[in-house]
Amino acid sequence: MSEVRFTDQHEWVRIEGDEATIGITKYAAEQLGDVVYVELPEAGHKVGAGGEAAVVESVKAASEVYAPVGGEVTTSNSALAEDPAKVNADPEGDGWFFKLKLADKSEFSKLMTAEQYAEFVKGL
Amino acid sequence: MAEPSEVLHKTPLHALHVELGAKMVPFSGYDMPVQYPAGILKEHLHTREKAGLFDVSHMGQAFLSGNDPARALERLTPADAIGLKPGLQRYGLLLNERGTIKDDFMFSRLVGETPLYLVVNAGTKHGDFDYIAGMLKGVAELEPRPDRALLALQGPAASAVLGRHSPGIAKLTFMQVARCTVAGAPAIVSRSGYTGEDGFEISLEGNHVLRIARALLAEPEVMPIGLGARDSLRLEAGLCLYGHDIDETVNPVEASLVWSIGKRRKLDKDFPAADKIMDLVFNGAAKKRVGIRPDGRAPAREGSEIADKSGRVIGKITSGGFGPTLNAPIAMGYVESAFAGDGSEIDVIVRGKPLPARVSPLPFVPHRYRRAV
């Protein structure tokens, strides 16, 4: 069973076993507009929860993407280098950014559930 | 998201932008559309393929009258104003007494009229108008026209579209200007713009602009275009954005805008700081504005440092982003003159990392103006 949680910086993280897949939310993708460039972390890169892990750029601006949970990066979505528009087309699916080996599962349970995140976005 | 603010001005098309679903942002004191639901990429590409309608009513319009307003204007600009023939428009730089750039602007001599028609940038218009009126006191009189609105219709289909509402307008060639009617409304129309495409700027009385904008948007080729795409279009066209690529810290030589200095003006040296500027024309300036293309995919944004291959800082990016037509990052910036040649290999510093880039000829995308043959 996989489970998805969300951050107030508009990242999502899906957990399967000790593997976390991370991307930006549909709301974030809509706010950014057309994504033209994504900079992704390399495998082996260690990042703490809340640490800068990737960069996403639209025509207008660059934004940091933070790791919702800490761990060691195992792989990143190289398809985004060729086709960054995937982030707009399917932000919470094919537009994923990177995966990491989760260091501490308790970090995950502190994040927002889908319902909590939907409420959070409504209040923005 | 920006809070709604009472200090922000609205153009006469504000309600239309909101109705069209625009994302509104503060710009030069106005609440302006940065993009519509189609998004910046589609708006940009549509303008290059068909036609885009821009609300540029925030820009400053004015008439300069007097016995010889062109002679008066030449006190403040190195452009050839006296030699401008009736029915033509020209680009000029407004210089301060130090010879650095207070603004860039367009001026027109309408057929059969003595006053010159001026269009200046939105963010600088109040300062410009005070400066022009003050400096030319006694020789010319400036009449700002905040009651007028301004539309830009840009793209290869612009001429066909506007011709349906203003018969005969297609006869104008690049930088020609005329009074005419657009869908029955009195207008000043110039064949110019700031996208690199063929197109028109249409000055209207504010109470007519909503009807005209709706009529143009109803044409199948036309899409509304926000400030986001206006910025990426003008950057691809190699055109300066005041306050970014040019300002009061640079002179026309550094800004690579010597072409805007009239030939007669160069000989007569009768414009602000002319001796200093002409010395730089002949002997070279320490830095130059250039086009820059990063080798990779990462955009280099405004403020990014430029370094030589040894890591020494040699300049700074003043406009940078993504060029949708080229599907690649593009930028403009200033570099030490030794690095200003086309093809010069440099690094742009993005998030602390040097990324290889090259100095590139401007414009990045060829202009497609309809020039007189």
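Bear in mind that the values here come from a model prediction, so they are computed numbers and not experimental data.

Draft legend 1. How the structure looks around the sheet that holds strand β7 (residues 62-66) of chain A. Residues and elements named next belong to chain A. If you trace the three strands from one edge of the open sheet to the other, you get β4-β6-β7, paired in antiparallel fashion. Two strands lie at the open edges of the sheet, namely β4 (35-39) and β7, each paired on one side alone. Taken pair by pair, the neighbouring strands of this sheet meet at an average axis angle of 25°, ignoring direction. Where β4 lies against strand β6 (residues 52-58), four bridges are found, and the strand directions are antiparallel. If you follow Y37 over to β6, its bridge partner there is E57.

Draft legend 2. Molecular detail of the interface of chain A and chain B. With twelve residues of chain A at the interface, the matching set in chain B holds 15 residues. At the level of elements, β4 and β6 of chain A are the ones that each hand at least two residues to the side of chain A that touches chain B. Top element by residues in the side of chain A that touches chain B is β4(A). It accounts for three residues. Of the residues belonging to the side of chain A that touches chain B, the class tally is seven nonpolar, one polar and four charged.

Draft legend 3. Looking closely at the domain arrangement of chain B. Residues and elements named next belong to chain B. Per the domain assignment, the segments of chain B are domain 1 (14-58 + 147-236) and domain 2 (286-360). Placing the centre of domain 1 and that of domain 2 at their C-alpha centroids yields a distance of 31 Å. At the interface, seven residues of domain 1 touch nine residues of domain 2. For the side of domain 1 that touches domain 2, the elements supplying multiple residues, two or more each, are α2 (40-49) and α7 (227-236). Here the element with the most residues in the side of domain 1 that touches domain 2 is α2; it accounts for four residues. When grouped by side-chain class, the residues that make up the side of domain 1 that touches domain 2 number three nonpolar, two polar and two charged.

Draft legend 4. Expanded view of the sheet that holds strand β9 (residues 148-154) of chain B. All names here are of chain B. Reading across the sheet, the six strands line up as β10-β11-β12-β9-β3-β13 and stay open at both edges, with mixed pairing between neighbours. Strands at the two margins of the open sheet, each flanked by one partner only, are β10 (177-182) and β13 (222-224). Recorded for the sheet is a direction-independent mean angle of 30° between the axes of neighbouring strands. Strand direction decides the pairing type here: strand β11 (residues 185-190) and strand β12 (residues 199-205), joined by four bridges, are antiparallel. When the sheet's bridge partners are listed, S190 is paired in β12 with E201. Lying over the sheet, α2 contacts β3 (51-55), β9 and β13, oriented at roughly 120° with respect to β3.

Draft legend 5. The arrangement of α2(B) in detail. Residue and element names in this part refer to chain B. Of all ten residues in α2, seven are buried; the element is thus mostly enclosed. Along α2, the residues that are buried comprise I40, L41, E43, H44, H46, T47 and R48. The secondary structure elements touched by the buried residues of α2 are β2 (30-35), β3, β9, β13 and α7.

Draft legend 6. Structural context of the environment of K137(B). By the element assignment, K137(B) lies in the loop between α4 (125-135) and β8 (141-144). The class for K137(B) is exposed, based on 10 C-beta atoms found within 10 Å.

Draft legend 7. Structural context of the nonpolar core. By size, the foremost hydrophobic cluster in this structure holds 129 residues, and its most contacted members are V38(A), L118(B), L151(B) and L153(B). Counting contributing residues, this core receives three or more from each of domain 1 (14-58 + 147-236) and domain 2 (286-360) of chain B. Once residues lying within four places of it in the same chain are set aside, the contact partners of L118(B) are A62(B), L64(B), F105(B) and F107(B).

Draft legend 8. Broad picture of the confidence of the model for chain B. The pLDDT averaged across chain B works out to 97; a share of 98% of its residues lies at or above 70. Model confidence for the complex: the whole-complex pTM is 0.95, and ipTM, which rates the interface, is 0.90.

Cut-offs and rules
- Residues numbered from 1 in each chain as written.
- Chains lettered and ligands numbered in written order.
- Predicted model: local features only at pLDDT ≥ 70, side-chain atom pairs only at ≥ 80, totals over all residues.
- Pairing = 2+ DSSP bridges.
- Helix = DSSP H or I, 4+ residues; strand = E, 2+ residues; numbered from the N terminus.
- Axes fitted to C-alpha atoms, helices over the stretch in contact; angles between N-to-C directions.
- Contact = placed C-beta atoms within 7 Å.
- Nonpolar A, V, L, I, M, F, W, Y, C, P; charged D, E, K, R; others polar.
- Domains from an automatic or database assignment.
- Buried ≥ 20, exposed ≤ 12 C-beta atoms within 10 Å, placed from the backbone.
- Core = buried A, V, L, I, M, F, W, Y, C linked by C-beta atoms within 7 Å.
- pLDDT = per-residue confidence, 0-100.

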